[in-house]
Amino acid sequence: MPIEMPKGLPFAVDTWSSESARKRHHFLSHAHRDHLAGIVSRASYPIYATRVTITIVLSYFPQLDEANFVEIKVGETLVINDADGVFSVTACDANHCPGAVMFIFEGTFGNILHTGDCRLTADCLQDLPLNYITKRGKAMVSRFDLIFLDCTFGRCFLKLPRKQSAIQQVINCIWKHPHAPFIYLACDLLGHEEILVEVSRTFGSQIFVDQAIYHDRFSTLSLIAPHVVSNDPSSRFQVVGFPGLYQRAREAITNAKANHQPTPLFIRPSTQWYASKVRAHTPSVTEPEQDEFGVWHVCFSIHSSREELELALQFLQPKWVISTTPPSLAMELSYVKKHCFTTRWIPDDPLWRIFKFSFKKTISVPPLVETEMVPLPVSVGVPADVLEQVEIELESTQAITLFGRARFGILDEFEIIDEEKLEYISLEECNLELDGRLTEELTTVERRTDELRIDGKEKNEKRSNYGQRSIEELHVEDRKMDNGETTKPSEEEKKDLGFERDRTCIGSSKELNQSLKRLYRSRNVPVPRPLPSLVELMEASKRVKMGEESSNCSTLNSKYGIP
């Protein structure tokens, strides 16, 4: 589904909701059903669209008044007078379906490209106005401030073939099945007309479309290519819909094999099967592939591949990109991560007016919940004297569909306080309350500091006594070792030593209570292991030293023949 335009823009594109009804101008990029939801109840003048799109929409919804539409031609620029200032709009071919266009808006809000649904190939980009595809040095002559981008296959890493290549695959698949009595083409969507026209031209046969079942397909094909439509149900080439395709193919192929007859041919030109199905091997996009139901799939796409999106963004160099097709997000693209996340908006940047930022509203934050927060992806540098001129409007009653949770980290639970219902507190009351809290907190801090000072003094005395005793014991042990005597600590010394070792093992897991251990484990962090005590380190050092001395003695004895 298309997304709503920001409040700072005076127009809506492909949306017909109560929010978009407040816009003064409406634009329709193409006539796919998902872009027409609500148009019957909320259509109002003016709606800008191409003649093909207007004709198709009126065939879908005869109750609409044609007077609400304003025709715009591909390559044409219209100047529109608006209460917020004059702006222009230019229509460019979207390489998607008949009548589909992209819109370029230019005004006080900056330069905006809305792609609608598109296939941004190199040829499609060359049809844009020259100032947006011409470079002066390394920078573009004119640069888009914002692109609303079709990211339908932004998560698909397949290299999609060109349209003409996919159509040729369909024709080759038909040639390889010359004995198929019927050829069923799953081309029931607007945008598949090129396939049907080429198949009809190559094999010199019309294609049957059941008007009772596929009314939309019959009406659009009759408008765009009436010479390929047939009313004869016995025609070898027939159009079928995708719903129920697999069951129909399995039954028809099974019956043909049971009766020892040639099997019919089912072809589905689409990218969805390639992009969504999980397989043990990567499917080939250069040759048709048959699935377990007997349907042959051809990778035909009227949307941009991820590679094409990346190349288009690198070529156009926009400041910011927003996806029109969630859950595929623009921030997942490499260009956006590399260039848009580091964008700094200057105070007079037109993007501020588009997004209607304001820092005057008060937001009350609800209690923390276990949810993943996405940080603000833009580093915004704004002087303090500019903040009062900027406005942000956040609504808690409706989700932020354009750049809300996924782009600015705003929770739906945030509540905007109604300033008219606020109870104001006098300055004297605030000062008295703050003085009371500060006095109480300072008293607590002083008492706690005294306790820590006394406790620390006692601990230092104990550690000093223990250290002095340990040093004296070590000297005695050294003298005994020089005389060849060995000493073993008594039971009390072992107990004392073990006690002190436990005290010195700061960070030991033995010293952690169960709740703290659970906290470490809940964060997938290992529980800290005990650190070695000073006594253990000194004993290890002495053992190494004694080993070196004994080794030196044995070397001297062997050298001078001493037994």
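- In the nomenclature of an unreviewed UniProt entry, the protein chain is known as DNA repair metallo-beta-lactamase family protein of Rhynchospora pubera.
- Turning to the protein chain, the UniProt record has this under Sequence similarities (unreviewed entry): "Belongs to the DNA repair metallo-beta-lactamase (DRMBL) family."
- The Subcellular location (unreviewed entry) field of the UniProt record for the protein chain holds the comment "Nucleus".

### So, the nonpolar core
- Formed by 69 residues in total, the largest nonpolar core has its most connected members in F11, F27, V57, M102, F105 and L149.
- The residues touching F105, leaving out its near neighbours within four places in the chain, are F11, V13, F27, F87, S88, V89, G110, N111, I112 and H114.
- With 36 residues, the next largest nonpolar core counts V228, V239, V295 and V298 among its residues.

### A word on the sheet that holds strand β19 (residues 320–323)
- Spatial ordering of the open sheet is given by β5-β6-β7-β8-β11-β19, a layout of 6 strands whose pairing is mixed. The outermost strands of the open sheet, each flanked by one partner alone, are β5 (77–80) and β19. Strand after strand, the sheet turns through a mean of 20° between neighbouring axes, direction not considered.
- As paired strands, strand β6 (residues 87–93) and strand β7 (residues 101–107) are joined by 6 bridges and run antiparallel to one another. Across the sheet, the residue bridging to C92 is M102, located in β7.
- Seen against the sheet, helix α10 (residues 306–316) touches β8 (110–114), β11 (146–149) and β19 and runs at an angle of roughly 165° to β11.

### Some details on the packing of aromatic side chains
- Under the criterion given, the structure shown has 18 aromatic pairs.
- Taking the centre distance of 4.8 Å and the plane angle of 45° together, the rings of W175 and F203 count as tilted. One end of the pair, W175, is in helix α5 (residues 163–175); the other, F203, is in helix α6 (residues 193–203), and 28 residues separate them in sequence.
- Taking relative accessible area as the criterion, W175 reaches 53% and is therefore assigned exposed.
- Ring pairs connect the aromatic residues F11, F27, Y48, F87, F103, F105 and F109, which therefore count as one cluster.
- Directly above the aromatic system of Y60 lies the positively charged group of R33, at a separation of 4.4 Å from the ring centroid.

### Some points on the environment of P178
- For P178, the position within the fold is in the loop between α5 and β12 (183–185).
- Judged by its relative accessible area of 52%, P178 falls in the exposed class.
- The sequence separation of P178 and L265 amounts to 87 residues, and the corresponding C-alpha distance is 9.8 Å.

### Things to note about α6
- For α6, the set of buried residues is E193, I195, L196, V199, S200 and F203. Each buried residue of α6 sits inside an arc of 160° when the element is viewed along its axis, so together they form one side.
- Along its buried surface, α6 packs onto α5, β12, β13 (207–208), α7 (215–224), β15 (237–239) and β16 (265–269).
- One or two steps after α6, the chain reaches G204, where phi turns positive at roughly 60°.

What counts and what doesn't
- Residues numbered from 1 in each chain as written.
- Predicted model: local features only at pLDDT ≥ 70, side-chain atom pairs only at ≥ 80, totals over all residues.
- Heavy atoms only, no water.
- UniProt positions renumbered as here; feature names shortened; annotations may be inferred.
- Core = buried A, V, L, I, M, F, W, Y, C linked by side-chain atoms within 4.5 Å.
- Buried < 20%, exposed > 50% of the residue type's maximum accessible area, 1.4 Å probe, protein only.
- Contact = heavy atoms within 4.5 Å.
- Pairing = 2+ DSSP bridges.
- Helix = DSSP H or I, 4+ residues; strand = E, 2+ residues; numbered from the N terminus.
- Axes fitted to C-alpha atoms, helices over the stretch in contact; angles between N-to-C directions.
- Phe/Tyr/Trp six-rings, centres within 6.5 Å; stacked < 30°, edge-to-face > 60°.
- Lys NZ or Arg CZ within 6 Å of the ring centre and 35° of its normal.
- Arc of directions from axis to C-beta.

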